[in-house]
Amino acid sequence: MQVTRDFSHYVRAAGAGVQHIDLAVEGVHCAGCMAKIERGLSAIPDVTLARVNLTDKRVALEWKEGTLDPARFIDRLEELGYKAYPYETQSAEATEVAESRFLLRCLGVAAFATMNVMMLSIPVWSGNVSDMLPEQRDFFHWLSALIALPAAAYAGQPFFRAAWRALSNKTTNMDVPISIGVCLALGMSVVETINHAEHAYFDAAIMLLTFLLVGRFLDQNMRRRTRAVAGNLAALKAETAAKFVGPDEISQVPVAAIHPGDIVLLRPGERCAVDGSVIEGRSEIDQSLITGETLYVTAGQGTPIYAGSMNISGTLRVRVSADSEATLLAEITRLLDNALQARSRYMRLADRASRLYAPVVHATALITILGWVIAGATWRDAVVTGIAVLIITCPCALGLAIPTVQTVASGTMFKAGVLLNSGDAIERLAEADHVIFDKTGTLTLPDLEVTNADDIPSDVFELAGRLALSSHHPVAAAVAQAVGATSPILSAAEEAGQGVRAMVDGVELRLGRPSFCGAEALVADATRFDPEASIVAFSRGEEKFILSVRQGLRPDAQAVIAALKARNIGIEILSGDREPAVIAAAHALGIAEWRAGVTPADKIARIEELKRRGAKVLMVGDGMNDAPSLAAAHVSMSPISAAHLSQATADLVFLGRPLAPVVAAIDSARKALHLMRQNLWLAIGYNVLAVPVAISGVVTPLIAAAAMSGSSILVMLNSLRARSASREIV
Amino acid sequence: MEILVYLVPLALLLGGAGLAAFLWSLRSGQYDDLDGAAWRAIADDDPPPQEAPAEMAKARR
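Residues numbered from 1 in each chain as written. Chains lettered and ligands numbered in written order. Predicted model: local features only at pLDDT ≥ 70, side-chain atom pairs only at ≥ 80, totals over all residues. Heavy atoms only, no water.

Concerning the overall build of chain A
- Along its length, chain A carries 25 helices and 28 strands.
- Projected onto its principal axes, the C-alpha positions of chain A cover 110 × 65 × 45 Å.
- For chain A, the share of sequence-separated contacts (at least 6 apart) that also reach a separation of at least 24 residues comes to 69%.
- As displayed, chain A offers around 30,800 Å² of accessible surface, 59% of which is attributable to carbon and sulfur atoms.
- Both charge centroids of chain A, one from 65 positive and one from 74 negative side chains, sit 4 Å from each other. (Helix = DSSP H or I, 4+ residues; strand = E, 2+ residues; numbered from the N terminus. Contact = heavy atoms within 4.5 Å. Areas by Shrake-Rupley, 256 points an atom, 1.4 Å probe, with all protein chains shown as cover. Lys, Arg positive; Asp, Glu negative; His and termini not counted. Charge placed at Lys NZ, Arg CZ, Asp CG, Glu CD.)

If you want it as structure tokens, here you go:
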């Protein structure tokens with residue numbers, strides 16, 4: 001059978017006779033890499049563009065149409081020492097990029113307008129105490145209006161839109177008081193300018209927008225960056241399938257290019273990348289990523305196969321099915337939809353704050369107006385003072401209090417290997433006081449390891465590893481990896497479903513099922529000791545050995561559990577796996593509460609029960625069976641190796657082998673929430689000081705501008721404290 | 001104060017030019033890769049021939 005790699009799905013036309021592809025590249029981190037890659041790729045004839053984006057860790061390539069095969073670029077990059085894979089922009093990331101650009105454009109407009117309005121305002125402020133003629137002052141005010149009004153109309157769009165959305169949903173958010181404040185300040189300034197009054201607040205209004213846009217843009221940029229990294233990680237997983245393009249011809253194509261009805265080949269040791277059902281062949285499959293069950297399942301004709309299943313022994317032909325055709329998937333999707341609906345009711349800290357804040361401020365302004373009228377002021381003066389109250393309380397600092405902390409905190413989490421999927425995840429994570437762990441793939445690592453390597457003589461172990469290289473079986477692959485074997489035994493022959501054997505120096509070596517090696521007698525012992533392990537036997541002549549292979553616990557799992565306990569967080573295991581396997585893990589980690597053989601619906605039921613008791617649950621899971629409970633929990637986390645559905649549902653995704661990011665994320669979230677609250681108090685404290693000044697009617701534009709920038713800078717500086725190194729995790 | 005007749009339009013023009021330059025730089029993708037751009041500024045334009053992998057790759061072929 002002939003295998004070709006087909007990347008045509010990712011190639012797009014870029015102008016006349018030029019084709020374009022984007023590659024995600026792993027390991028690009030400095031100027032040296034950038035130059036090396038660009039020169040290395042430009043050296044290929046007919047390449048017209050090779051440009052590295054160091055921020056997003058991607059390469060854009062263009063070449064003359066029809067001259068080159070994209071697979072060649074990937075090979076070339078591999079020669080240079082970089083792993084690369086074509087990258088397809090997800091729609092979520094494309095929106096983030098567009099949003100980020102729009103905010104930057106708004107910020108640019110607002111910043112330039114602020115500078116120019118300030119240039120006009122400062123002469124007015126100083127002219128008021130010297131010799132500026134009223135006509136000149138009016139002229140400067142009109143010029144300010146000319147700049148500020150169109151700029152505010154453009155740069156204020158993000159706030160006006162969000163405020164309108166909130167109001168039409170009959171709720172309020174922080175953007176409502178911001179929009180009201182800006183509009184009133186501008187409107188009153190126009191009226192005052194027409195009336196030749198001394199004060200106009202164009203500068204304050206446009207400066208407010210600028211400060212708030214800085215906060216918005218930083219927040220958005222962090223989110224965009226996280227999306228880019230997540231997109232790269234997804235691309236570098238290089239999920240492909242061997243698709244039949246002819247009766248006997250297969251092509252290795254990206255998963256995105258596979259459609260329902262296609263037939264794919266699944267060889268031993270491969271992870272299935274599509275959902276479908278078996279049409280030919282028999283094998284054992286490992287569905288631990290789907291159900292959490294580590295025991296292999298036998299697959300024959302008609303057996304449904306889910307993306308993420310690992311094929312163990314035989315070769316299968318799988319017909320790809322449309323989504324949710326499979327019963328398990330349909331059930332999980334239904335549970336997931338219900339859980340997601342419930343979750344959307346969470347109200348963010350910022351919205352809760354503004355719900356309290358907006359009525360108080362608006363009432364204060366109204367009382368000020370009425371108070372002045374009663375005290376004998378004219379209506380016009382009273383309204384001007386009332387609006388001054390609104391301007392000075394306009395939640396500039398309040399609007400920055402949360403996004404700035406969020407930006408800095410997500411930056412620190414990013415460094416600790418945690419990606420944020422949702423904006424309010426930090427607040428919810430900080431409240432978590434009970435953690436539910438899934439076992440398979442979460443507390444344990446998704447790959448297999450040999451647990452009793454120390455009991456076996458090292459020369460025997462090495463020989464077993466070399467022999468294992470000749471087998472496709474995942475357990476054999478784990479043995480080979482544990483040994484670090486690189487030179488296969490050339491004469492080795494594989495017997496399907498049994499094992500491999502070879503003759504070395506006149507002695508027969510066998511590796512495989514215990515019965516294949518004549519080592520059944522040793523098995524009973526090993527399984528009693530470790531019921532979860534897969535047993536593989538090795539024989540050299542008459543010597544027999546048993547290797548026990550299993551998914552190992554994450555290296556720092558024990559320390560992380562201890563650290564969580566030290567933080568007074570409740571811990572339990574909810575696993576879909578069998579009881580003995582769960583007990584073993586619970587004992588090893590010192591977790592008293594566990595439940596085994598749990599279905600997705602049971603997991604949700606347990607979470608609901610904890611919720612009723614008032615616990616805020618953090619669910620950490622990776623399997624497809626965890627997806628509904630990830631959505632049902634107060635906040636959720638997944639390892640990067642998780643099933644697609646779970647990863648998309650989880651609020652946070654952590655990278656790498658250690659479990660430590662879970663604790664690191666909780667720590668920085670708690671710290672961030674503390675700072676957010678502190679910022680809100682700072683903003684309120686500023687208002688308490690400023691409002692009496694405003695009510696007394698002596699707020700000049702100069703005071704408004706100084707107070708506004710002073711409080712904003714204070715809040716931003718306080719947010720930067722989220723950056724400082726958090727205490728040691730364990 | 002007649003000087004305002006020149007200075008005010010001049011100031012607005014300069015401000016407008018700055019904004020136009022910013023919008024142009026944004027549209028031409030100059031903010032897409034801030035990390036890379038920082039390094040590109042100090043990278044050698046023409047590497048010495050004996051070190052250039054591009055040249056070696058061509059020679060091998």
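Notes on the environment of A:Val274
Residue and element names in this part refer to chain A.
- Relative to the assigned elements, Val274 resides in the loop between strand S9 (263-266) and strand S10 (276-280).
- On a C-alpha basis, the gap between Val274 and Ser410 in space is 33 Å, while along the polypeptide they are 136 residues apart.
- If sequence neighbours within four positions are ignored, Val274 has contacts with Val255, Ile258, Val264, Ile305, Tyr306, Ala307 and Val320.

Some details on the interface of chain B and chain A
- Contacts between the two partners involve 29 residues from chain B, matched on the other side by 27 residues from chain A.
- Of the roughly 2,500 Å² buried between chain B and chain A on both sides combined, carbon and sulfur atoms contribute 64%.
- Scanning the region where chain B abuts chain A turns up three salt bridges.
- Salt-bridge contacts for A:Arg101 lead to B:Asp32; the nearest nitrogen and oxygen are separated by 3.1 Å.
- The interface formed by chain B and chain A includes eight residue pairs in polar contact (both at pLDDT 80 or more).
- Elements with a contribution of two residues or more to the side of chain B that touches chain A: helix H1 (3-27), helix H2 (34-40) and helix H3 (53-60) of chain B.
- Per element, the largest residue contribution to the side of chain B that touches chain A is 11 residues, and it comes from H1(B).
- Among the residues forming the side of chain B that touches chain A, the class breakdown is 16 nonpolar, four polar and nine charged. (Buried area = accessible area lost by both parts, 1.4 Å probe. Salt bridge = Lys/Arg side-chain N within 4 Å of Asp/Glu carboxyl O. Polar contact = N/O pair within 3.5 Å; in protein donor to acceptor, adjacent residues only side chain to side chain. Nonpolar A, V, L, I, M, F, W, Y, C, P; charged D, E, K, R; others polar.)

Some words on the pairing of S9(A)
All names here are of chain A.
- Here two bridges tie strand S7 (residues 240-244) to S9, and the two strands are oriented antiparallel to one another. By the bridge assignment for S9, Ala242 is matched with Leu265.
- Taken together, the four bridges between S9 and strand S15 (residues 316-320) define a ladder with antiparallel strand orientation. When the sheet's bridge partners are listed, Val264 is paired in S15 with Val318. (Pairing = 2+ DSSP bridges.)

Let's talk about helix H1 (residues 31-42) of chain A
- Here H1(A) is 12 residues long and its end C-alpha atoms lie 16 Å apart, about the 16 Å a rise of 1.5 Å per residue gives.
- Every buried residue belonging to H1(A) is among A:Ala31, A:Cys33, A:Met34, A:Ile37, A:Glu38, A:Gly40 and A:Leu41, and all of these are buried.
- Packing partners of the buried residues in H1(A) comprise strand S3 (18-26), strand S4 (47-53), strand S5 (58-64) and helix H2 (70-80) of chain A together with H2 of chain B. (Expected span 1.5 Å × (residues − 1). Buried < 20%, exposed > 50% of the residue type's maximum accessible area, 1.4 Å probe, protein only.)

Points about the packing of helix H6 (residues 175-194) of chain A against helix H11 (residues 379-393) of chain A
Residue and element names in this part refer to chain A.
- Between H6 and H11, the least distance of the axes is 10 Å, while the angle of their chain directions is 145°. The element H6 and its partner H11 pack so that their crossing is left-handed. The residues of H11 that touch H6, namely those facing Leu184, Ala185, Met188 and Glu192, are Arg380, Val384, Ile387, Leu390 and Ile391.
- Of the residues in the contact of H6 with H11, the class split is seven nonpolar, no polar and two charged. (Axes fitted to C-alpha atoms, helices over the stretch in contact; angles between N-to-C directions. Left-handed = near helix turned anticlockwise from the far one by under 90°.)

Quick word on unusual backbone geometry
All names here are of chain A.
- Positioned with a positive phi, Lys57 is a non-glycine residue whose angle comes to about 60°.
- Note on placement: Lys57 falls in the loop between S4 and S5.
- A residue is classified by how much of its surface remains accessible, and Lys57, at 28% relative accessible area, is partly exposed.
- One non-glycine residue, His196, lies in the positive phi region at around 55°.
- With respect to the element layout, His196 can be found in the loop between H6 and helix H7 (202-236).
- Using a relative accessible area of 53% as the deciding quantity, one classes His196 as exposed.

Focus: the domain arrangement of chain A
- Assigned domains within chain A: domain 1 (1-87), domain 2 (412-445 + 554-667) and domain 3 (447-552).
- Computed from C-alpha coordinates alone, the two centres of domain 1 of chain A and domain 3 of chain A are separated by 41 Å. (Domains from an automatic or database assignment.)

Some thoughts on the pattern of salt bridges
Residues and elements named next belong to chain A.
- Per the stated rule, a full pass over the model turns up 30 salt bridges over all chains.
- For Lys439, the salt bridge is made with Asp577, and the minimal N-O distance between the two is 3.2 Å. Of this pair, Lys439 sits in helix H14 (residues 439-443) while Asp577 sits in the loop between strand S24 (570-574) and helix H20 (579-589), placing them 138 residues apart in sequence. The same class applies to Lys439 and to Asp577, which are both buried.
- Here Lys603 ties to Asp626 by a salt bridge, and the two come within 2.3 Å at their closest N and O atoms. Note that Lys603 is positioned in helix H21 (residues 600-612) and Asp626 in the loop between strand S26 (617-620) and helix H22 (627-632), a separation of 23 residues in sequence. Exposure class is identical for Lys603 and Asp626. Each is buried.

Some details on the pairing of strand S22 (residues 534-540) of chain A
All names here are of chain A.
- Burial within S22 is extensive, with six of its seven residues counted as buried.
- Note that strand S21 (residues 507-512) and S22 share four bridges and pair antiparallel. Bridged to Leu509 within S22 is Arg540.
- In this structure, S22 lies alongside strand S23 (residues 543-553), joined through seven bridges in antiparallel fashion. Residue pairing in the sheet places Ala537 in a bridge with Ile546 of S23.
- Adjacent in sequence and paired antiparallel, S22 and S23 are bridged by two residues, among which Gly541 carries a positive phi angle near 60°.

With respect to the packing of aromatic side chains
- Going through the model one piece at a time under the given rule, you end up with seven aromatic pairs over all chains.
- Arranged with centres 6.4 Å apart and planes meeting at 45°, the rings of A:Phe112 and B:Phe22 form a pair that is tilted. With one member in each of two chains, A:Phe112 in helix H3 (residues 91-127) and B:Phe22 in helix H1 form a pair that bridges those chains.
- Taking the relative accessible area as the measure of exposure, B:Phe22 reaches 16% and is therefore buried.
- Taken together, A:Phe7, A:Tyr10 and A:Tyr85 form an aromatic cluster joined through their ring pairs. (Phe/Tyr/Trp six-rings, centres within 6.5 Å; stacked < 30°, edge-to-face > 60°.)

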